[in-house]
Amino acid sequence: MSNKKVLFQKKEFEGWKTLNDTVMGGSSSAYCENTNSGLLLKGNIIEKAGGFVSCRSSIYKPSLDINEYQSFELKIDGQGRTFKFAVACEDDILGLTEFIPGGLRWIKSFPTKKFGTTKIEIPFNSLNPSVRANKVRFPFKFKPSKIKRLQLLHSKFGDDGLLNDGFKSGPIKILIKSISVL
């Protein structure tokens with residue numbers, strides 16, 4: 001029998017904030033809104049000089065320990081777009097990954113249905129280390145006992161730094177219904 005723990009659902013996305021491409025000179029505009037149905041990401045994506053919008057959790061203090069689980073489960077109304085789920089972890093090398101510009105993230109891209117809710121399972125062992133949409137070759141190890149932050153992005157870049165085939169510029173309105181661990 002599968003053990004499931006809901007991390008966020010409905011109005012429980014308190015502390016989630018927007019991070020858009022404006023941090024690197026882009027001009028996309030979007031915001032995150034906590035609603036009765038989940039976390040709404042709404043705005044406009046402009047590909048030129050950027051090309052991403054996202055919502056991310058606050059930094060967990062202490063770190064979130066999900067070591068007894070094996071995967072994330074997301075339920076999202078995603079308009080047929082392809083998203084990246086990103087996880088930041090504390091490291092065991094004196095916090096050195098914090099000095100990497102943009103930070104080290106564990107990511108996995110996934111497509112969504114054009115209509116209705118997509119339920120996607122992301123096994124921890126499918127997450128790949130990345131810095132600013134570029135694959136990291138150094139053998140970092142994912143630490144499910146030391147989760148610092150979660151993030152959902154719609155970006156013109158996929159896991160491997162190549163272009164995301166499921167990227168769409170223009171208006172966006174998606175709903176993250178829940179994030180759980182299995």
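Just so you know, these numbers come straight off a predicted model, no measurement behind them. (Residues numbered from 1 in each chain as written. Predicted model: local features only at pLDDT ≥ 70, side-chain atom pairs only at ≥ 80, totals over all residues. Heavy atoms only, no water.)

**Student:** Would you mind showing me how to read the overall build of the protein here?
**Tutor:** Summing up its helical and strand segments, the protein has zero helices and 13 strands in all. Along the protein, helices (α) and strands (β) appear in the sequence β-β-β-β-β-β-β-β-β-β-β-β-β when read from the amino end. Expressed as a percentage of its 182 residues, the buried residues of the protein come to 51%. For the protein, contacts bridging at least 24 residues in sequence account for 76% of all contacts bridging at least 6. (Helix = DSSP H or I, 4+ residues; strand = E, 2+ residues; numbered from the N terminus. Buried < 20%, exposed > 50% of the residue type's maximum accessible area, 1.4 Å probe, protein only. Contact = heavy atoms within 4.5 Å.)

**Student:** Sorry if this is basic, but what is going on with the pattern of salt bridges here?
**Tutor:** Oppositely charged side chains are able to pair whenever their charged atoms sit close together. All told, the structure shown has three salt bridges when counted by the stated rule. Its salt-bridge partner being Lys-119, residue Glu-73 comes within 3.8 Å of it at the nearest N-O pair. One end of the pair, Glu-73, is in strand β6 (residues 71-77); the other, Lys-119, is in strand β9 (residues 118-123), with 46 residues separating them in the sequence. With a relative accessible area of 5%, Glu-73 lands in the buried category. A network of salt bridges, in which partner residues are shared, links Lys-4, Glu-73 and Lys-119. (Salt bridge = Lys/Arg side-chain N within 4 Å of Asp/Glu carboxyl O.)

**Student:** Looking at this structure, I do not really get the packing of aromatic side chains. What am I missing?
**Tutor:** Centre-to-centre distance and the angle between the planes together describe a pair of aromatic rings. The tally for this structure, following the rule as stated, stands at eight aromatic pairs. Note on Trp-106 and Phe-142: the rings are 5.6 Å apart at their centroids and 70 degrees apart in plane angle, and the pair reads as edge-to-face. Residue Trp-106 is located in strand β8 (residues 105-111), and its partner Phe-142 is located in the loop between β11 (134-135) and β12 (147-155); the two are separated by 36 residues in the primary sequence. Side by side, Trp-106 and Phe-142 carry an identical accessibility label, which is buried. Cluster of aromatic residues (ring-pair linked, three or more members): Phe-72, Phe-85, Trp-106, Phe-124 and Phe-142. (Phe/Tyr/Trp six-rings, centres within 6.5 Å; stacked < 30°, edge-to-face > 60°.)

**Student:** What exactly am I supposed to notice about the environment of Phe-72 here?
**Tutor:** For Phe-72, the position within the fold is in strand β6. Judged by its relative accessible area of 0%, Phe-72 falls in the buried class. The spacing of Phe-72 and Phe-124 is 52 residues in sequence and 7.2 Å in space, taken between C-alpha atoms.

**Student:** What am I meant to see in the pairing of strand β3 (residues 29-35) here?
**Tutor:** Looking down a regular strand, the side chains alternate between one sheet face and the other. Bridge analysis of β3 against strand β4 (residues 38-45) gives seven bridges, and the strand direction is antiparallel. Bridging from a neighbouring strand, Tyr-31 pairs with Lys-42 of β4. Taken together, β3 and the strand that follows it, β4, pair antiparallel across an intervening segment of two residues. (Pairing = 2+ DSSP bridges.)

**Student:** For this particular structure, what's the right way to read the pairing of β4?
**Tutor:** For β4 and strand β13 (residues 170-181), the ladder comprises seven bridges, and the chain directions are antiparallel. Directly across from Leu-39, in β13, lies its bridge partner Ile-176.

**Student:** Even after reading the chapter, I still don't get the state of the cysteines, so can you show me in this structure?
**Tutor:** Disulfide: a covalent bond connecting the sulfur atoms of a pair of cysteines. On inspection of all chains with the given rule, the structure shows one disulfide. Each sulfur in the disulfide pair Cys-32 and Cys-55 lies 1.8 Å from the other. Negative torsions about the S-S bond denote left-handed disulfides, and the value of about -120 degrees found for Cys-32 with Cys-55 makes this one left-handed. Taken together, the residues Cys-32 in strand β3 and Cys-55 in strand β5 (residues 52-56) connect sequence positions 23 residues apart. Residue Cys-32 is classed as buried on the basis of its relative accessible area, which comes to 17%. In this structure Cys-55 comes out as buried when scored by relative accessible area, which is 0%. (Disulfide = S-S within 2.5 Å.)

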